[in-house]
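Letter by letter, the chains look like this.
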Amino acid sequence: MENKGNEGKQVELALQRVSRLLRPSVLRLSTIQSGQKISALLPTIAMRESLPIHACSGGLFSPPQVSGAHILTISAAEQTNYSIPLYEITGLNFCEVNVTYTHPGRNDTIHVQAWLPLSGYNLRFRAVGGGGYAGSLGDIALGPALLQGYATAATDGGTNNDPYSPAEWALISPGVLNYAVLEDYAYLSLDELAVIGKAITTSFYGTAPIYSYFTGCSNGGRQGLTTAQRYPTRYNGILANAPAIRAPEFVPSLLWGQVVMHAFRRTPPPVCEFTAITAAAVAACDGLDKVIDGVMSNYTGCKFDPLTLVGTSFNCSGTSRTFSTAGTTITQKIWQGPTTPIGTSLWNGYHKDADLTELISETIVQLGHTVPSPSLGLGRSWIKYFVLKNPTVDLSTITYNQFYQYYIQSVAEFRAILGNDNPDLSAFKVAGGKMITWHGGADPLIPIDDTIQYYQSAEALDSNIEDFYRFFIAPGVGHCSGGVGFYPSNDLAALVNWVENGIAPTKLSGTSATSGRSQPLCQYPLVARWDGINNSALATSYTCATSY
């Protein structure tokens, strides 16, 4: 692997765009950049310097035994003083192992990459999930885990690892779906990642890892849930954050904002109007948790109606404008979620503090650069390649009727393979597994109500679900990170403590990157209640309660 230290700004920008979807680390980027030791966020874990680490060469590793698969190649190379500029990480020393394999008769090729620390190994294996259409390989996925002392691995799931487009693998030919690779991506590669990753780790260190974990957000969250449902014995602990549950419903729904916008195409509102509507909603509902902090926390209590803004003014880049019926109606429909042409609900909408820019604008600005909207790209590519199997279709003027047809077809054709919402987690429970999920309340990509409904359905099957699975809402946090709210920096530490010490988390530690305020994220359905006396900017002033 080539060191990325001298790559140009374009590559760095691409990595940052991809990292938004992948989010493999449980740590906010700013945490890494602050210079704080990541290991300080974990429970004390003995580091082993005396293990019989073998030479880093492909000849060391025997082909792992993977049911139904054939190992094509295994290569290994020692990486020293390796740098990851995106995370401002330097000085990494590890053995990089690449395994390529196939399923005979399926015409697929899957890659697994493992990074094995040459020193400071913590005796644990950690698989890392991906984002969008990507599995996950390389710097973004494996660097932070390696820095924490884990032997770590990821899979590309048989895809080309482009999170935004399946163009290179979705179709065998026009109109013919590459179902084998879709199946690899959906679940087969996840089981094989665990088998191969742990086998490689055992070969290198001469002993099996004492604990194994899976961590992921977005598609990585989907991968985590899928693993718990389909392969319940593979990991001791799973972090499945902001999971892309029921992708056949969720992904087409990313186009709902464009559908509604098209209905108002003769009077399209400017993007800044949607930003102003969101700000008005936050201002109206901020204090419903008894704290004025710029964060909407009491989501169920927020009844703000955007139509009340019509005719009033707002500031748009220094210019005074007036809220329109079109802008407020579009916003209301996005909040409510996709419907049939006659108004029957199909899927969940977004909380009122979610940034709607990606859902209604063809382009967004990231790091000072104008780039295509990732959300619209995901939604359109799903319809083009998987539903219609025709990448030349123009979806820029999609109507209510077309959307409904595509949505229904997506669910009918792909529900079984990518639904991943089986609420029966009994096998995972019996295996002794522990799982944590947190989801940002202001997520503008995957509606948090998707996760709430899944957790409720799992709880309906097992009233003691908290014995092995716990869910936390992060108010004001966007998709896997970002936003003005309270990001949980200790979710992996909490999972490790639960798995290895039997201490189940009742709350996670949340901190706002914009304000510096801290607040506990309480185990669902409890909420963080301020005591009304002490400093509301400190987490110690809150208790977990049934209401605010």
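This one's a predicted model, so the numbers in the text were calculated from it and none came from an experiment.

Draft legend 1. How the structure looks around the overall build of the protein. Scanning the protein from N- to C-terminus turns up 15 helices and 20 strands. Computed over C-alpha atoms, the radius of gyration of the protein comes to 23 Å, within 12% of the 24 Å expected from 2.2 N^0.38 for 548 residues, which places it in the range of a compact globule. A principal-axis box enclosing the C-alpha atoms of the protein has dimensions of 70 × 65 × 50 Å. Looking at the protein as a whole, 58% of its 548 residues qualify as buried. Partitioning the intrachain contacts of the protein with sequence separation of at least 6 by distance along the chain shows that 70% fall at a separation of at least 24. For the protein, the exposed surface amounts to about 20,800 Å²; the carbon and sulfur share of it is 51%.

Draft legend 2. Region of interest: the packing of aromatic side chains. Counting across every chain of the model gives 25 aromatic pairs. Relative to Tyr-407, the ring of Phe-403 has its centre 6.0 Å away and its plane inclined at 35 degrees; by these criteria the two rings are tilted. Highlighted residues: Phe-403 and Tyr-407, both in helix 12 (residues 400–418), separated by four residues, approximately one helical turn. A relative accessible area of 2% places Phe-403 in the buried class. Its relative accessible area of 4% is what places Tyr-407 among the buried residues. Taken together through their ring pairs, the aromatic side chains of Tyr-133, Trp-169, Tyr-185, Trp-382, Phe-386 and Phe-414 make up a single cluster. The ring of Tyr-187 is capped by Arg-230, whose NZ or CZ atom sits 3.7 Å from the centre of that ring. The ring of Trp-498 has Arg-470 sitting right over it, with the charged end atom 5.6 Å from the ring centre.

Parameters at a glance
The residue numbers shown here count from 1 along each chain, following its written sequence. Totals for whole chains, interfaces and linings use all residues, but because this is a predicted model, local features are given only for residues with pLDDT of at least 70 and pairs of side-chain atoms are given and counted only at 80 or more. Derived side-chain values reflect all non-hydrogen atoms in the structure, with water molecules and hydrogen atoms excluded from consideration. Strands are runs of DSSP state E lasting at least 2 residues, helices are runs of H or I lasting at least 4, and numbering of each runs from the N terminus. Put simply, the radius of gyration uses C-alpha atoms, and a globule should come to 2.2 Å times the residue count raised to 0.38. Remark: exposure states derive from per-residue accessible area (1.4 Å probe, protein chains only) relative to the maximum for the residue type, with buried under 20%, exposed over 50%, and partly exposed in between. Any two residues whose heavy atoms approach within 4.5 Å at even a single point are treated as in contact. Surface accessibility follows the Shrake-Rupley procedure with a 1.4 Å probe radius. Residue values consider only the protein chains on display as shielding. Any pair of Phe, Tyr and Trp rings, taking the six-membered ring for Trp, is counted once the centres come within 6.5 Å. Such a pair is stacked with planes under 30 degrees apart, edge-to-face with planes over 60 apart, and tilted for the rest. By the criterion adopted, a ring carries a charge over it if an Arg CZ or a Lys NZ lies within 6 Å of its centre and within 35 degrees of its normal.

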